[in-house]
Amino acid sequence: MADQLVESAPLADPTIAAYPFNLDHADLVLRSSDHIEFHVHRAVLAVASPVFATIFELPQPAAERGEPISNSSIRPVVDLSEHSSVLDALLRLCYPVAKAEIKELDTAFSVLRAAMKYEMDWPTSYLTKEIETSSITGTLGTPLQIWAAACRCGIETIARRAASSLIPSGNSTQVPDLVKLIDAAGSKVLEGITVGEYLQLKEFLSKKGKVDPNFRFLEPPTHRTESEQLENADSLDNDTRPHTQILFTSDIPYPDMVCCSSDGTEFQVHGAILALHSNTLKHRFRPEALQEGTRAHDEHVDSAEVLPAAPGSCGSNPPSFPTRLSLDTDAQVLSLLLSICYGDKGRPVLDFPLLARAISVAERYCMERAQLVVEELWDELARLHPLEAYFNAIQYGLTPRVLLAAKHVLSKGPLTQQHTPSTDRMPALPYYRLSIYVEACGTVVYRELSAAQDSWRYSEAYDEHRYSYSTKSGTAYIAHMYEQDWLGTYFDALRQEVSEYGLRRDLHSLLGPLSLVRRGIVGYAYCNRSQKVISRLLEIGDTLPQRMHGAIDQVNLEV
């Protein structure tokens, strides 16, 4: 708000609010964002709001000109950002008149935000109490909806009261099911909520409100142990990781173009190379496209224009390619794409926002090969940091890569153990959807393991007996083959692991043919002779291909 009352231009046909904000003896006009004028009294506002009182103490334009403030024709008009419905409810709390009945939760919080903005103590206290009471009565919304709105507005006290209302009263040992509560309210209730706030609510409910006295919803701690933070200090996910800096250069002689980024960085390039990698840019190099390029340049969009030949250049005719090509992308993205077009095989450490922008630009200019390379770089980084890839793919609209990142998350163990220092500030809604996806995947894997275990136990291969055979002399019996429940025991262990830790290991390494054969050896599933044969075959299969490749590498080729 301004430090003094700025006299806004009067409206030709102003709409004036209803009583009591239409009185002639008012000495100030507050204009809402939808251009409704409230004729109010300075004395009332000065008592209700220290913010207005401070402004009224400053010299005002009309007073400096020696004009009487009470003159209704020159009442100062102050434009405010609040809607008329919000101003009406707020001002009625300041005046000795009937109060507006607030029926919508969003309106209640909008009025409360305005009261806090103008430091109006009584309206703030009154509205806070009304909303807290509503978390019990449900007149404005469910406790979860009120908690979410309080978090969005940054009001800790209301968030705490609403969260407490989610916990069953009495001596019930039942912990509220947050997933069911969100499903009942609709997942959009989490819009505008951070991951940190969502996890704080989850912890609050799991402990049934019996949390540390310093517990806060709006100041969530980073959900990682100190040892995890130290262990990942050099991780790409760390907030201190610098953004990748790429500077394209080429040692190919005789560049015939200047490629200019949207932030003013220029690169000397070769039109033929760009034309090979982009049909869109190739089209702009044609003579008939240059006239359109000049017009586009004037309108601040992508353009290609021919500049005068430099002194000493060969020939009197303009070059066959435009000298300057202006592209609507930043220098870092342009550097990366140009490096790929020029055959750079390096794999610099990149960050997701840069790669996301590069994918979008490559797609826009039909740079198919460059787009494939950038997508490969993204996928390499996503395998290392899937949670960060997931959030960035959503932010930049890379829908196909959202699911790929989610699948990579499955292989990294429990979701909460993948948090980085920046996770708490990420939006809660996609995180919630990811947690539902991870849980659902764990459920189907658990189900499939149970089905496989049942099919094994009811198959001809299963035998619950233990077999023995005698030596040639017949003097001793040697147990050589145990009961075939080893696979069921293995599946039991895997189900327990999935329940506790998620899919933190590759399924093929756990359940592939060779893995199960090896597990059979550990479980003594074969007779002594078979055990030796299978072990030897596995040993040969594991080492022979590598030894053959190594031997081939040692053979010299005379050129």
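See the structure shown above.
Every value quoted in this text rests on a predicted model; they were computed, and no experiment measured them.

**Describing the overall build of the protein**
And then number 1: Scanning the protein from terminus to terminus reveals 24 helices and 10 strands.
And then number 2: Across the 559 residues of the protein, 43% fall into the buried class.
And then number 3: For the protein, long-range pairs separated by at least 24 residues make up 63% of all intrachain contacts whose partners lie at least 6 apart in sequence.
And then number 4: About 31700 Å² of surface is accessible on the protein, with carbon and sulfur atoms providing 54% of the total.

**A word on the packing of helix α18 (residues 386-395) against helix α19 (residues 399-410)**
And then number 1: Here α18 crosses α19 at 160°, and the two axes come no closer than 8 Å. For the element pair α18 / α19, the angle class is roughly antiparallel. With respect to the hand of their crossing, α18 and α19 are arranged in left-handed fashion. Two secondary-structure elements touch here, α18 through P386, L387, A389, Y390, A393 and I394 and α19 through R401, V402, A405, A406, H408 and V409.

**Considerations on the nonpolar core**
And then number 1: Grouped together as the largest cluster of nonpolar side chains are 123 residues, with contacts concentrated most on L30, F109, W147 and W378.
And then number 2: The residues touching W378, leaving out its near neighbours within four places in the chain, are F352, L355, A356, I359, A389, N392, A393, L398 and R401.
And then number 3: Of all hydrophobic cores here, the second largest spans 14 residues; its members include V445, W456, W486 and L494.

**Examining α18**
And then number 1: A large share of α18 lies buried, amounting to 8 of its 10 residues.
And then number 2: Of the positions making up α18, those classed as buried are P386, L387, E388, A389, Y390, F391, N392 and A393.
And then number 3: Contacts made by the buried residues of α18 are with α10 (195-206), α16 (352-364), α17 (368-384), α19 and α20 (428-457).
And then number 4: The positive-phi residue at the C-terminal boundary of α18 is G397, with phi of around 70°.

**Quick word on the pattern of salt bridges**
And then number 1: Tallying each qualifying case throughout the model produces 9 salt bridges.
And then number 2: We note a salt bridge from K207 to E203, for which the minimum N-O separation is 3.0 Å.

**What about the packing of aromatic side chains?**
And then number 1: Applying the stated rule across the entire model yields 15 aromatic pairs.
And then number 2: Summarising the aromatic geometry, the rings of F352 and W378 are spaced 4.8 Å apart at their centres and angled 70° between planes, so their arrangement reads as edge-to-face. On the criterion of sequence distance, the pair formed by F352 in helix α16 and W378 in helix α17 is long-range, its members being 26 residues apart. Pair check on accessibility: F352 and W378 agree, each one buried.
And then number 3: In textbook terms, an aromatic cluster arises when at least three aromatic residues are bridged by ring pairs, as seen for W147, F204, F215 and F217.

**Observations regarding the pairing of strand β6 (residues 266-269)**
And then number 1: Residues F267 and V269 of β6 are buried on one face, while the alternating residues E266 and Q268, pointing to the opposite face, are not.
And then number 2: Note that strand β5 (residues 257-260) and β6 share 4 bridges and pair antiparallel. From the neighbouring strand, V258 faces β6, where its bridge partner is Q268.
And then number 3: Taking the residues between adjacent antiparallel strands as the criterion, β5 and β6 are bridged by 5 residues, where G264 takes a positive phi near 90°.

**Looking at the packing of helix α7 (residues 143-153) against helix α8 (residues 156-165)**
And then number 1: Two elements in contact, α7 and α8, have axes separated by 8 Å at closest approach and are oriented at 160°. What the angle tells us is that α7 and α8 run roughly antiparallel. For α7 against α8, the interelement crossing comes out left-handed. For the pair α7 and α8, contact is made by P143, I146, W147, A150 and C151 and by I158, A159, A162, A163 and S165, respectively.
And then number 2: Among the residues making up the contact of α7 with α8, the classes are represented as 9 nonpolar, 1 polar and no charged.

Rules behind the numbers
- Residues numbered from 1 in each chain as written.
- Predicted model: local features only at pLDDT ≥ 70, side-chain atom pairs only at ≥ 80, totals over all residues.
- Heavy atoms only, no water.
- Helix = DSSP H or I, 4+ residues; strand = E, 2+ residues; numbered from the N terminus.
- Buried < 20%, exposed > 50% of the residue type's maximum accessible area, 1.4 Å probe, protein only.
- Contact = heavy atoms within 4.5 Å.
- Areas by Shrake-Rupley, 256 points an atom, 1.4 Å probe, with all protein chains shown as cover.
- Axes fitted to C-alpha atoms, helices over the stretch in contact; angles between N-to-C directions.
- Parallel < 35°, antiparallel > 145°, perpendicular 65-115°, else oblique.
- Left-handed = near helix turned anticlockwise from the far one by under 90°.
- Core = buried A, V, L, I, M, F, W, Y, C linked by side-chain atoms within 4.5 Å.
- Salt bridge = Lys/Arg side-chain N within 4 Å of Asp/Glu carboxyl O.
- Phe/Tyr/Trp six-rings, centres within 6.5 Å; stacked < 30°, edge-to-face > 60°.
- Pairing = 2+ DSSP bridges.
- Nonpolar A, V, L, I, M, F, W, Y, C, P; charged D, E, K, R; others polar.

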